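Now for the letters of each chain:
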Amino acid sequence: MSVYKFNSILFDSGWKDNIYITTNSNGNIEAIDDIQKNTDFTIDLAIPGFQNAHSHAFQYAMAGIAEYHPINKQADNFWSWRNAMYNLALNLNPDEMEAIATMLYSEMLKNGYTNVAEFHYLHHDKNGNKYNNIAEMGERLISAAKNAGINITLIPIFYQMGGFNTPPFEQQKRFINKSSDEYFNLIEKSKQIANANDNAEIGIGIHSLRAVNKNEIIETDEYNIKKMPFHIHVSEQLIEVEDCIKKWGARPVEWLLENLNLRDHHHLVHATHLNSNEIKNLAKSNANVVICPITEGNLGDGIFPLTEYQKHNGNWSIGSDSHVNLSPLEEIRLLDYGQRLTTHNRNTFTNKSSGNSSLNSFKQMWFNGKKAMGSNRKNYFEMGQSLDFIEINSNHHLIYKTGKNHILNTIIYSLDSKVIKETYIGGKRQKNSKSIKQNFKDVIDKIRVRL
Ligand SMILES: [Zn+2]
């Protein structure tokens, strides 16, 4: 048992002072009160951890090296970036994948993320054959998360085709499950592995409408009777929207609204290009959108129509996706500034009851991010749940004299991750170890040469 005293801590109802949280030996919360007692740890200033609802771990190995663009040729865009990403995917073995993911996850912790939803489709070996353990790569990702200390929700992804009614390309051979039965076997095997690890949960998902046949998309949704979080990329690129209209006679989100019973366990990643009906009906369905502003900006996807979506009370969370940058502060900031720049107003995150940008956006990110992990939560800190939080440097020159109404705003709008002193999972500090970095460097040396 351990007792933590928080001089100030952010609850969903607002900041509280002099709070005591008691945990059991597993780091789960047993009591929350303000009754003075002997303490094992005193934390001056804390907030809950950020939720990273969309990640492709292996892409971290190419962060920063996709910015050398062709000159005097056609424009560089999402599709040329995708080729570079495929080359990387074709080259990784399970050890390399694990080393990259371990480094990535430990950097996520350093940046304040306590949970990650891993959208995982690199299932097979370099020849496109199944590993003896069909969930080998997923197991490596769970093991990476465990080693780094982060909570993971593994989402093994169904990837069947190269495009609408198009067979898979050679470059996609490591991603492909030919049938839903094959894919469901992968889900069941992955579930067993996740169940055996206390840092892991499991989700289900479709890569995108272009990557799986109509019937199998519906079948996968129906297979999910336990309502695990269901993730899908959708409407990220305009070409994809046009193709969907051409081939299936509907816009992608329109098709999902018509053919799946979208509910609050559905997580639509990006959903960048929406018309006004889609915005309204998506919000009404209570499904969630996972917005990845930095990656969407980096890939030139477009700007999610958040202002309109929020008018209809739409749910959203954030994800670092390709990991070109790992700061949740920057994700939220960029999300806001995209709206400010297009609407010419500053109040993106206000609602009927509060004008506090960071408190409002943090709530959306956190509660819907938790849903993306498969956890429906009512409070930031709850009995029986792991004590996960970020310790903030309360002595920072922009923080130490700042009133409570402005602390989180100062962190999100004016500071970077250096203001985070420590990230705690189950009441324990998580640190980068030297061996994690060395393993990553050994892999990256080879990979960056190959690219
Ligand atoms: Zn993605």
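Procedures and definitions
Residues numbered from 1 in each chain as written. Predicted model: local features only at pLDDT ≥ 70, side-chain atom pairs only at ≥ 80, totals over all residues. Heavy atoms only, no water. Helix = DSSP H or I, 4+ residues; strand = E, 2+ residues; numbered from the N terminus. Rg over C-alpha atoms; globule rule 2.2 N^0.38 Å. Buried < 20%, exposed > 50% of the residue type's maximum accessible area, 1.4 Å probe, protein only. Contact = heavy atoms within 4.5 Å. Pairing = 2+ DSSP bridges. Donors = N, O, S within 2.8 Å, 3.2 Å for Na, K, Ca; no water. Arc of directions from axis to C-beta. Domains from an automatic or database assignment. Buried area = accessible area lost by both parts, 1.4 Å probe. Polar contact = N/O pair within 3.5 Å; in protein donor to acceptor, adjacent residues only side chain to side chain.

**Observations concerning the overall build of the protein**
So, step 1. Each helix and strand counted, the protein has 14 helices and 16 strands in total.
So, step 2. Taking 22 Å as the expected radius of gyration for a compact globule of 451 residues, we find that the protein reaches 21 Å, a close match to that expectation.
So, step 3. Expressed as lengths along the three principal axes of its C-alpha atoms, the size of the protein is roughly 65 × 50 × 50 Å.
So, step 4. A burial count over the protein gives 59% of its 451 residues as buried.

**Quick look at the environment of I447**
So, step 1. When you line up the elements, I447 lands in helix α14 (residues 434-450).
So, step 2. According to the relative accessible area criterion, I447 is buried, its value standing at 1%.
So, step 3. Through-space distance from the C-alpha of I447 to that of I142 is 22 Å; in sequence the pair is 305 residues apart.
So, step 4. Ignoring anything within four residues of it in the chain, the contact list for I447 reads A61, L88, L92 and I100.

**Observations regarding the pairing of strand β1 (residues 2-11)**
So, step 1. Counting buried residues along β1, nine of its ten residues qualify, which places the element largely inside the surrounding structure.
So, step 2. Of the strand pairs in this sheet, β1 and strand β2 (residues 14-23) are connected by nine bridges, and their pairing is antiparallel. Residue pairing for β2: L10 is matched across the bridge by W15.
So, step 3. Where β1 folds back onto β2 in an antiparallel hairpin, the turn is made up of two residues.
So, step 4. Of the pairings in the sheet, the one linking β1 to strand β4 (residues 41-47) comprises five bridges and is parallel in character. Counterpart to Y4 in the pairing with β4 is F41.

**A few points about the coordination of the zinc ion**
So, step 1. Looking at the zinc ion, the protein donor atoms are H54 (NE2), H56 (NE2) and H233 (NE2), and they sit 2.1 to 2.2 Å from it.
So, step 2. Every donor residue of the zinc ion comes from the same chain, spaced as H-x1-H-x176-H. With H56 in the loop between β5 (50-55) and α1 (78-91) and H233 in strand β10 (residues 230-234), this pair connects stretches of sequence that are 177 residues apart.
So, step 3. Looking at H233, the relative accessible area reads 6%, which means it is buried.

**With respect to unusual backbone geometry**
So, step 1. Positive phi outside glycine occurs at N313, with the angle close to 60°.
So, step 2. With respect to the helices and strands, the residue N313 is situated in the loop between α10 (306-311) and β13 (315-318).
So, step 3. According to the relative accessible area criterion, N313 is exposed, its value standing at 62%.
So, step 4. Although it is not a glycine, H344 adopts a positive phi angle of roughly 65°.

**Side note on the sheet that holds strand β3 (residues 29-33)**
Either a parallel or an antiparallel arrangement is found when strands of a sheet pair, and the pairing is made through backbone hydrogen bonds.
So, step 1. The mixed open sheet is built from seven strands, whose spatial order is β3-β2-β1-β4-β14-β15-β16. In the strand order of this sheet, the two ends are held by β3 and β16 (428-429), each with one partner.
So, step 2. Of the strand pairs in this sheet, strand β15 (residues 420-425) and β16 are connected by two bridges, and their pairing is antiparallel. Following the sheet pairing, Y424 is matched in β16 by R429.

**Some words on helix α5 (residues 214-223)**
So, step 1. Residues E216, I217, T220 and D221 constitute the buried set of α5. Projection of α5 onto a plane perpendicular to its axis shows the buried side chains occupying an angular sector of 140°, all on one side. In α5, the exposed positions angled more than 90 degrees off the buried face are occupied by N215 and E222.

**Section: the domain arrangement of the protein**
So, step 1. Along its sequence, the protein is organised into domain 1 (2-48 + 380-434) and domain 2 (50-373).
So, step 2. The centre of domain 1, based on its C-alpha atoms, is set 29 Å off from the matching centre of domain 2.
So, step 3. Between domain 1 and domain 2, the residue contacts involve 22 residues of the former and 30 residues of the latter.
So, step 4. When the two sides are added together, the surface that domain 1 and domain 2 hide from each other amounts to roughly 2,300 Å², 58% of it contributed by carbon and sulfur.
So, step 5. It is Y380, I412 and Y413 that lose the most area in domain 1 upon contact with domain 2, and together they represent 31% of the buried surface on that side.
So, step 6. There are ten residue pairs in polar contact (both at pLDDT 80 or more) connecting domain 1 and domain 2.

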